[in-house]
Amino acid sequence: MADKFKLSRKVKKIILGACIGGVVVLTAGLFTYIHIADTNTLGRKISIYGMDVSTLTADKAEQKLLDAFRSRKVQFKEGGSDVYQTTVSELGYDLDESALKSELTELQTTREANRKIFATQEDYKIAYQIQKDEEQEKKALASSNFGGKERTASVDAAVQYDEQQKQFVLVNDVQGNKIDETRLQSYVDQMLDDNFRLKLLGGDIQITLDTNVYQQPSVTVSDEMQNKVTGLNDQLNKYRSTTVTYTLGSTTEVIDAGTIETWLQITDDSLNIDQEAVKSYVQNLAAKYNTIYVPRTFHTSYGNDVTVSDNEYGFQIDQDGEVQQLLTDLASGTAVTRDPVYSISGMQRNGADDLNGSYIEVSLDNQHLWLYKDGALVTETDIVSGAPKAGRETYRGAWPIAYKASPFTLSSEEYGYAETVKYWMPFAGDVGMHDASWRKSFGGNIYKTNGSHGCINLPTSVAKTIYNTIEKGWPVLVYTLPGTESAAQLQQDVQTVIDLINSIGEVTADSETVISSARSQYDALPDSTKANVTNYDVLVA
C-alpha cells in the first residue's frame, strides 16, 4: 500500500495564507464596489416608477426618466381600427426637469445616508410635475390627423311640419362622428392624467375615439319638445275643424276650412294665423255689408230710385273688434255662428238690405209719408214739412228713430213757441215727427208758405198709428226727387208762383218779402215747369 500523501506544515501555512488573502481581497473588492456604486449615484437595486436606475447619477437617471416619459406611444383607435399614433412628447406633455432633478438629488442624498452592504430592490414613487404645451397639443389633436374617413355632423332634434302627414312631427337627434377638437382635447387630457397616475413610465397608451369626442347634437329630444309638438297639432286640428258663419238676417257668410287653411302660417316649429289676411277679410266684409255713412240708394214708393248722401242709419262693423273676435273663434275648434261685431247697429237686416221691409218714407216733393212694416204698407198720409227757407227746411237723408215720447213739449226760444204734442218721434237731433192738431189740412204747398221749423207735422190719428207701430231705431228716409210730383200738384205749384208775382204790384221797400218768397218758390219748381210761369218777366224786371 502506497504511502499517504502528506502536506508539510509549511505548505499548509502557505495555502491558508493564500485563502485568507483571497478572502481579504474579495472583501476589499466588495467594499470597493459598494463604495463606488453607492457614492454619487442613486445606489444599487433601485427603480423609479418601475424604471431601473441602479447606479445611475441623478443626471443620468433624470435623462432616462425623461426619455422614457417622452417616448411613450399614444395609440388612437376608432371602431376597432388604429387611426392615429403619436407620442406623449408630440402631444405637448413633458416632465418638469427642474422639479424632477430636485426630487432625484434629494433621493440620492437620502439613500447615501442609509447605505446598506446588502441592498434590497426598492421602487420609488417620487413627486413629479407635468408640463403641457397647449398649442402643441392642439396641433397634434387636429381632426385632420385622424384618418381620411368621411365624417358626418350630428343632427339636432327638431320640431318640423311634415307636408305628407299634414302635421307637426318630432325629428330625433342623430349622433354623428365628426370630431369636436375641444372635446377631444379634454378627453385626451383626462385619459392621460388617469394613465399617468397609474403608470407614469413605460407602456403604450391606448385611447378609443367614440361619442366622448364627437360633436354632440346641440338639441336633444325632450319632454318639452314632445309637448310642443302635441300642442301645435292640437291647435292645428282646431283651426282645421273650425267654421265661422256670419248671420246677416237670412243671408250668411261662411268662413270654411279651406279658407282658414290659406290663412295658416306654418313654419318648422310654429303655427300662426295670418292676421293681415284676417284683416283683409274683415275689411271686405265691412265694405260689402256696412250701410251707414255711405250714400244710400233707395227704391221709392213711386217706383223711382233716389240716392241720399246724408245717411246716418244702418250697420257698421267694428273692424278691430271683429278681427279680435274672429281670431278667437278660429282658435276655438268649433262651428261658430254669430252676427258680426258691430260698432253701430240698425234695427234689422237681410244681407245688405238693412230696411228689410220696415221703414218710414217721406217725400218732401209730394209732402207725403208712408209707413211700412215687414214689407206691408201700414199707413200713409199727407204731411207738412219744414218751410223751404234757411234754418227751417227739413233735412234730407236717413236716420233711426232716436226715441219715442208721449206727451212731449216742443219749444224754441228763437222762434218763441212751446207746444205740447201727444206723439213725439225725433230722428235727426231736434227734428222729428209729431202730431199737429192745430193744422186743419196737410199736403200740397202748405209747407211753402206755412211750413214747420223742420219737423214733419202729421194728422193726430196717423201720428198715433205710427207711434204705436214703430220703435226706437226704426229707419226714416227723407228725400226730394223731382219728377215724382203729380201733374195737378205741379200745376198748383206753378199757380202759386204766378199769384205771388202778381201780388208784388208796385215795388216798394215792403215788397222785399214777397219778392223773396216768389223767387224761392220759383227756384223750387222743376225745370220742366218753370216755363209755365207766364209772368216771370215781372219777377226779374
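Residues numbered from 1 in each chain as written. Predicted model: local features only at pLDDT ≥ 70, side-chain atom pairs only at ≥ 80, totals over all residues. Heavy atoms only, no water.

**Things to note about the nonpolar core**
Our working rule: Residues belong to a common nonpolar core when they are buried Ala, Val, Leu, Ile, Met, Phe, Trp, Tyr or Cys residues joined through side-chain atoms within 4.5 Å. Using a 1.4 Å probe on the protein chains alone, a residue whose accessible area is under 20% of its type maximum counts as buried, one over 50% counts as exposed, and one in between counts as partly exposed. Put simply, DSSP marks the helices as runs of H or I at least four residues long and the strands as runs of E at least two long, and each gets a number from the N terminus on. When checking whether two residues touch, look at their non-hydrogen atoms; a contact exists if any pair is within 4.5 Å.
With 41 residues, the main nonpolar core has Ile48, Phe76, Leu104 and Phe146 as its most contacted residues. Those elements giving two or more residues to this core turn out to be strand E1 (46-48), helix H2 (58-70), strand E3 (73-78), strand E4 (81-87), strand E5 (93-95), helix H3 (97-113), helix H5 (181-198) and strand E10 (205-208). Element by element, the count of residues in this core is highest for H2, at six residues. Each residue touching Leu104, except ones within four places of it in the same chain, is listed here: Leu42, Ile48, Ala58, Ala61, Glu62, Leu65 and Ile126. Core analysis: the second largest hydrophobic core is formed by 33 residues, Leu170, Ile255, Trp263 and Tyr281 among them.

**Topic: the sheet that holds strand E26 (residues 424-428)**
Note the cut-off: What makes two strands pair is DSSP finding at least two bridges between them. Throughout, an axis means a line fitted to C-alpha atoms (over the contacting stretch in the case of helices), and angles, computed between N-to-C directions, take values from 0 to 180 degrees.
As summarised here, the arrangement of the three strands in space is E26-E27-E28, forming an open sheet in which the pairing is mixed. Among the strands making up the open sheet, the edge pair consists of E26 and strand E28 (456-458). Strand-to-strand twist of the sheet, defined as the mean angle between neighbouring strand axes without regard to direction, takes the value 15 degrees. Pairing of E26 with strand E27 (residues 431-435) involves four bridges; the strand directions are antiparallel. Bridge pairing in E27 places Pro426 opposite Gly432.

**Comments concerning helix H9 (residues 319-330)**
To be explicit about the condition: How far a helix is expected to stretch is found by multiplying one less than its residue total by 1.5 Å. This arc describes the spread of directions from the helix axis toward the C-beta atoms.
Taking 1.5 Å of rise per residue, the 12 residues of H9 would be expected to cover 16 Å, and the 16 Å separating its terminal C-alpha atoms lies within 8% of that figure. Regarding H9, the residues found buried are Glu322, Val323, Leu326, Leu327, Asp329 and Leu330. Buried residues along H9 cover an arc of 160 degrees about the axis, so they all sit on one side. Facing away from the buried side of H9 by over 90 degrees, the exposed positions are Asp320 and Thr328.

**Looking at the packing of aromatic side chains**
Selection rule: Pairing of aromatic rings covers Phe, Tyr and the six-membered ring of Trp, with a centre-to-centre limit of 6.5 Å; geometry is then stacked below 30 degrees between planes, edge-to-face above 60, and tilted otherwise. The rule for a charge over a ring is simple: NZ of Lys or CZ of Arg within 6 Å of the ring centre, and within 35 degrees of the ring normal.
Scanning all chains against the criterion turns up 19 aromatic pairs. For the pair Phe298 and Tyr479, a centre-to-centre distance of 6.2 Å together with 55 degrees between the ring planes defines the contact as tilted. Of this pair, Phe298 sits in strand E15 (residues 296-299) while Tyr479 sits in strand E29 (residues 475-479); the two residues are 181 residues apart in sequence, bridging distant segments of the chain. The two residues Phe298 and Tyr479 agree in class, both being buried. An aromatic cluster is built from Phe298, Tyr359, Tyr372 and Tyr479, whose rings are joined through pairwise contacts. Note that Arg349 overlies the ring of Phe315, its terminal NZ or CZ placed 4.5 Å from the centroid.

**Re the packing of H2 against H3**
As a reminder, the rule being used: Under this scheme an angle from 65 to 115 degrees is roughly perpendicular, one under 35 degrees roughly parallel, and one over 145 degrees roughly antiparallel; angles in between are oblique. With the far helix as reference, a near helix turned anticlockwise by less than a right angle produces a left-handed crossing, and one turned clockwise produces a right-handed crossing. Just so you know the grouping, Ala, Val, Leu, Ile, Met, Phe, Trp, Tyr, Cys and Pro go in nonpolar, Asp, Glu, Lys and Arg go in charged, and all remaining residues, Gly too, go in polar.
Running from amino to carboxyl end, H2 crosses H3 at an angle of 135 degrees, the nearest separation of the two axes being 9 Å. As judged from the angle between their axes, H2 and H3 are oblique. Relative to H3, the crossing made by H2 is right-handed. Within the contact between the two elements, H2 uses Ala58, Asp59, Ala61, Glu62, Leu65, Leu66 and Arg70 and H3 uses Glu97, Leu100, Lys101, Leu104, Thr105 and Gln108. Of the residues belonging to the contact of H2 with H3, the class tally is six nonpolar, two polar and five charged.

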